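# Tertiary structure, described
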Amino acid sequence: MRSLRYLVLAAFAAAVASGCTRDLNVNGPPVVSAGPDLILAARDSVILGATAQGSSPIKRYDWTVVSSPAAAGSQVSIAPVTGLGDVAQLTTGSLLGLYVVAVTATDADDQVSLPDFVNLTLKASSQVEDVEIVCESCRTLLLDLLELDEAVTTRFTAVPSGFSPTSYRWSATFARDPGDRLTGEPSLVENGASADLTLPAVGIPPAILSVTVVASGPNGDRVGTLDVLVANSVDEPPDLSVTWHAADAQPGDAVTVLPGDALYVDAVASDPNGDAVTCEFRPNEEGSPFLVQPTSDPCRVVVYPRTSGRIPFEVKARTSGDGQVADFSMEFYVAPIRVSAGGGALDAVDIARGDVVATNGTGSYLVFDASAPVLDPVVVEATWSGSSAAAFSNATALVGFSTTPDFARFDVVGGSELEDLLWPPPGASAATKTVAMTQGSAGRVFMAMDHGLAVYDPMINTVDPIFEWPGAGLVPSALSWGPSPASSADSGYVWYAEGNVVYLQKSEALSSWGADNKGVLVGSVQAPRITALSFGSGTSDELWDLWVGTGPSGAQDVGSLLLHRNAVDRASGDPRMNVPEELFPQIQGGISSLAVERDGAYAGDVWAVSGGGKLLRVSRAIRDMKTGQRGVVALELDVLEANAKAVATSGRRVAVATEQGLAVVP
């Protein structure tokens, strides 16, 4: 009966125990080693071990038979033994000759090594007659395993088969990587067919002891070999490395992290002694500056910073044996939100051409250069007063709205106020409050007042009522716009709410809006009053979401933020309000302002302002890269010194109107 032979490379012990690799190849793909060539007997088996080194952990080894005599590859089979495939068992057949086996290594960045090859020469059993070596103190665990915590002496005995040797020559060496720590080399005392090896205390990782005997007799020499995995029985701390990246970057890229951004933190933890390792992430307590969300990978989390500045973060790896712990400390820099002290209390804000334009209750426009280190506004005195809102027409002019009875405009490019337009138009009831404004297509701006809807069309430079106000009986409470499937200039969807009911007009063409036509009734919410609407990116390019903010009404002084997923199918144009997810329940003062990011990695993220002046954010980054699960994480951000009033977004820039001036996130 044939014995099972083992081939183990220098760092195989580390692979068996922990799957750990060293980062020696900094920039390129990993470098893999498959070991020396072998001579085997027909119908024999061998364990092949591979090691690799690269710039990131190795996640997979792939073995293939690339050459065989007479195209008889089926005579040799190879199958992984360990999870990574760094150890594989090869079983030979009866066809003699030369076989070539290749192995490649793939790292965590999906970089694939060049192959390394092992030549296997298959001979008849009479041509391959080994000398068996017996280790008296070893036990078998895939390999013969000898656990040491101090220097010990172990006896090895040669057992020849089929001949009688007249002499023996013994040798023993440790096969290991140059970086492995060992306290010394084995010492050998030969005693004929036996040899006593004194082995030093072994460092980390475990090492392979290769014992060889040459048995000489009248018919020549016979060689026997034995590979022993020598491990340290003292429990050592685990190995730990950590990488992180934002949703729109790769690990190592320089990124600007904003409050509420999703940061993916990956821990690579292993134990030299082979114990199971668990990962812990801190801080993760109530009131910490981070919200930490788990994923399907126990050593990967998504971190959401609640505040700004330099915030420390710690990762721990803990073993299941003696509970040994390894620590990794890191620091995230979260971009601060700058607050300008100029301009006084602001109540409306929007962004155009890189500038932020805001309005206040005293009838002034304030223009901020958001890229400047100091937010000093240019103040333009205007002729209106009262409530205001803001939206841009063709990214050139801010449109403000007042109650005095003019429609005020501001030219962002020229930096001056334009001639006011007559308001209200003849026959329309006077509005007393501006509720919301939104930019449509072709430069149009839609406005919701407490007595109806109107539209500003820059092509004809007029303000027209959509409904004849008291005839329509419309009292809108929120307004939003979004693109529709059509490609014409009148293709935008106009969403608006009255009380707790949401309506949709599928076209901006006023000819489709009759005096008594409130559009398609999409649905309602279980709240007294809708105070904010926003239409934004959804789970795909064709299925978009509707965000609904509710607010106080009567005795109720709280509201909530609701997400209606896939509220419109842009392919068919059919609107719907699915069962909502309540992301911010019982918000004091309700939701007063919403802004949805519609571009880039954070498309669909929502910034919100509560009636109580708090800045809120819903992050929708992909939270689990393995499953593709799209995250929905609600955060109350501790970043403002003043009460927030309104919020606007443009790309990665966020502008917040507050009671003390403008707040800007770069």
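Residue positions within a chain follow its written sequence, with the count starting from 1. With the structure being a predicted model, the display of local features is reserved for residues of pLDDT at least 70 and the display and counting of side-chain atom pairs for 80 or more, all residues being used for whole-chain, interface and lining totals. Excluding hydrogens and water, the side-chain figures rest on all heavy atoms present in the structure.

The next thing to look at is the overall build of the protein. Helix and strand definitions here come from DSSP, where helices need a minimum of 4 consecutive H or I residues and strands a minimum of 2 consecutive E residues; each element is numbered from the N-terminal end. In terms of regular secondary structure, the protein is built from two helices and 57 strands. Here the protein holds 666 residues, and the buried ones make up 51% of them. In the protein, the proportion of contacts linking residues at least 24 apart, taken out of those at least 6 apart, comes to 57%. Only carbon and sulfur atoms are counted for the fraction: they give 49% of the accessible area of the protein, which is about 27600 Å². For every residue, the accessible area (1.4 Å probe, protein chains only) is compared with the maximum for its type, and the residue is labelled buried under 20%, exposed over 50%, or partly exposed between those bounds. Should any heavy atoms of two residues lie within 4.5 Å, those residues are counted as being in contact. All accessible areas in this document rest on Shrake-Rupley with a 1.4 Å probe, and a residue is counted as covered only by the protein chains that are shown.

Before going further, it helps to spend a moment on the state of the cysteines. The rule for a disulfide is simple: a pair of cysteine sulfur atoms within 2.5 Å. One pass over the structure, following the stated rule, counts one disulfide. The disulfide bridge from cysteine 279 ends at cysteine 299, spanning 1.9 Å between sulfur atoms. The chirality of the disulfide connecting cysteine 279 with cysteine 299 is right-handed, given an S-S dihedral of about 75 degrees. Highlighted residues: cysteine 279 in strand β22 (residues 277-282) and cysteine 299 in the loop between β23 (290-294) and β24 (300-305), separated in sequence by 20 residues.

Our focus in this paragraph is the confidence of the model for the protein. On average, residues of the protein score 75 in pLDDT, and 71% of them are at 70 or above. Values of pLDDT, ranging from 0 to 100, describe the predictor's confidence in every residue of the model. Looking at the elements of the protein, mean pLDDT is at its lowest for strand β1 (residues 5-6), recorded as 32, and at its highest for strand β50 (residues 606-610), recorded as 93. Low confidence marks residues 1-26, where pLDDT is under 50. Its contacts with residues over four positions away, or in another chain, come to 92 contacts. Within the model, the stretch residues 139-149 combines pLDDT values under 50 with 38 contacts to residues more than four positions away or in other chains.

Let us now look at the side chain of lysine 316. Topologically, lysine 316 is positioned in strand β25 (residues 309-319). Ignoring anything within four residues of it in the chain, the contact list for lysine 316 reads Leu240, Thr278, Cys279, Glu280, Val325, Ala326 and Asp327.

Time to look at the sheet that holds β24. Either a parallel or an antiparallel arrangement is found when strands of a sheet pair, and the pairing is made through backbone hydrogen bonds. Pairing between strands is defined by DSSP: at least two bridges between them are needed. Taken in spatial order, the four strands line up as β20-β21-β24-β23 in an open sheet, and their pairing is antiparallel. The open sheet has two edge strands, β20 (239-246) and β23, and neither has a second partner. With direction set aside, neighbouring strand axes in the sheet form an average angle of 25 degrees. Across five bridges, β23 lies against β24 in antiparallel orientation. Counted as the bridge partner of proline 294 is valine 301 from β24. Between N-to-C directions, angles cover 0 to 180 degrees, with each direction set by a line fitted to C-alpha atoms, over the stretch in contact for helices.

This brings us to the environment of tryptophan 607. By the secondary structure assignment, tryptophan 607 is in strand β50. The sequence separation of tryptophan 607 and valine 647 amounts to 40 residues, and the corresponding C-alpha distance is 7.0 Å. Filtering out sequence-adjacent residues up to four positions away, tryptophan 607 remains in contact with Pro259, Ser593, Leu594, Ala595, Glu597, Leu615, Leu616, Arg617, Leu637, Val647, Thr649 and Val654. What qualifies as a polar contact is a pair of N or O atoms within 3.5 Å, subject to a donor-acceptor requirement within protein and to the restriction that residues adjacent in sequence count only when both atoms come from side chains. Here glutamate 597 takes part through its side chain, which lies 2.8 Å from a polar atom of the side chain of tryptophan 607.

Spatially, β27-β57-β56-β55 is the arrangement adopted by the four strands of the open sheet, whose pairing is antiparallel. The two strands at the open ends of the sheet, each matched to only one other strand, are β27 (338-339) and β55 (644-650). Here strand β56 (residues 653-658) runs beside strand β57 (residues 661-665); their pairing, made up of five bridges, is antiparallel. Bridge pairing in β57 places alanine 655 opposite valine 664.

The next point concerns the nonpolar core. Inside soluble globular proteins, nonpolar side chains tend to come together where they are buried. Counting residues in each nonpolar core, the largest one holds 24 residues, and the members touching the most others are Tyr304, Ile337, Leu615, Leu640, Val647 and Val656. Broken down by secondary-structure element, the contributors of at least two residues to this core are β24, β50, β54 (633-637), β55, β56 and β57. For this core, the element with the highest residue contribution is β54, accounting for three residues. With sequence-adjacent residues up to four places away left out, leucine 640 is seen in contact with Ile337, Val339, Leu615, Val656 and Ala663. Judged by nonpolar contacts, the second largest core, of 22 residues, contains Cys279, Val301, Val303 and Phe332. Only buried residues count toward a nonpolar core. Its members are Ala, Val, Leu, Ile, Met, Phe, Trp, Tyr and Cys residues joined through side-chain atoms within 4.5 Å.

This paragraph deals with the packing of aromatic side chains. Two aromatic rings, drawn from Phe, Tyr or Trp (for Trp, its six-membered ring), form a pair once their centres lie within 6.5 Å of each other, and the interplanar angle then sorts them: stacked below 30 degrees, edge-to-face above 60, tilted otherwise. Applying the stated criterion across every chain yields a total of six aromatic pairs. Ring centres of phenylalanine 290 and phenylalanine 332 lie 5.6 Å apart, and the angle between their planes is 75 degrees; on these two criteria the pair is classed as edge-to-face. Here phenylalanine 332 lies in strand β26 (residues 325-334) and phenylalanine 290 lies in strand β23, a separation of 42 residues in the sequence. Looking at phenylalanine 290, the relative accessible area reads 1%, which means it is buried. Residue classification places phenylalanine 332 among the buried residues on the basis of a relative accessible area of 0%. An angle of 20 degrees between the planes, with centres 5.8 Å apart, marks the rings of tyrosine 496 and tyrosine 503 as stacked. Here tyrosine 496 matches tyrosine 503 in class, with each residue buried.

Locating aspartate 605 in the fold gives a position in the loop between β49 (591-596) and β50. With relative accessibility at 0%, the residue aspartate 605 sits in the buried group. At a separation of 2.8 Å, a polar atom in the side chain of aspartate 605 contacts the side chain of arginine 617. Of note is the side chain of aspartate 605, whose polar atom sits 2.6 Å from the backbone nitrogen of arginine 620. In this structure aspartate 605 touches Ala595, Val596, Glu597, Arg617, Val618, Ser619, Arg620 and Ala621, once residues within four positions along its chain are discounted.

Here, a salt bridge means any side-chain nitrogen of Lys or Arg that lies within 4 Å of a carboxyl oxygen of Asp or Glu. For the structure shown, the criterion picks out 15 salt bridges. A salt bridge links arginine 300 to aspartate 266; the nearest nitrogen and oxygen atoms lie 2.6 Å apart. Placement of arginine 300 in strand β24 and of aspartate 266 in strand β21 (residues 263-270) is noted, with a sequence separation of 34 residues between them. Residue aspartate 266 is classed as buried on the basis of its relative accessible area, which comes to 15%. The residue lysine 316 makes a salt bridge to aspartate 327 at a minimum N-O spacing of 2.7 Å. With lysine 316 in strand β25 and aspartate 327 in strand β26, this pair connects stretches of sequence that are 11 residues apart. We classify aspartate 327 as partly exposed; its relative accessible area is 48%.

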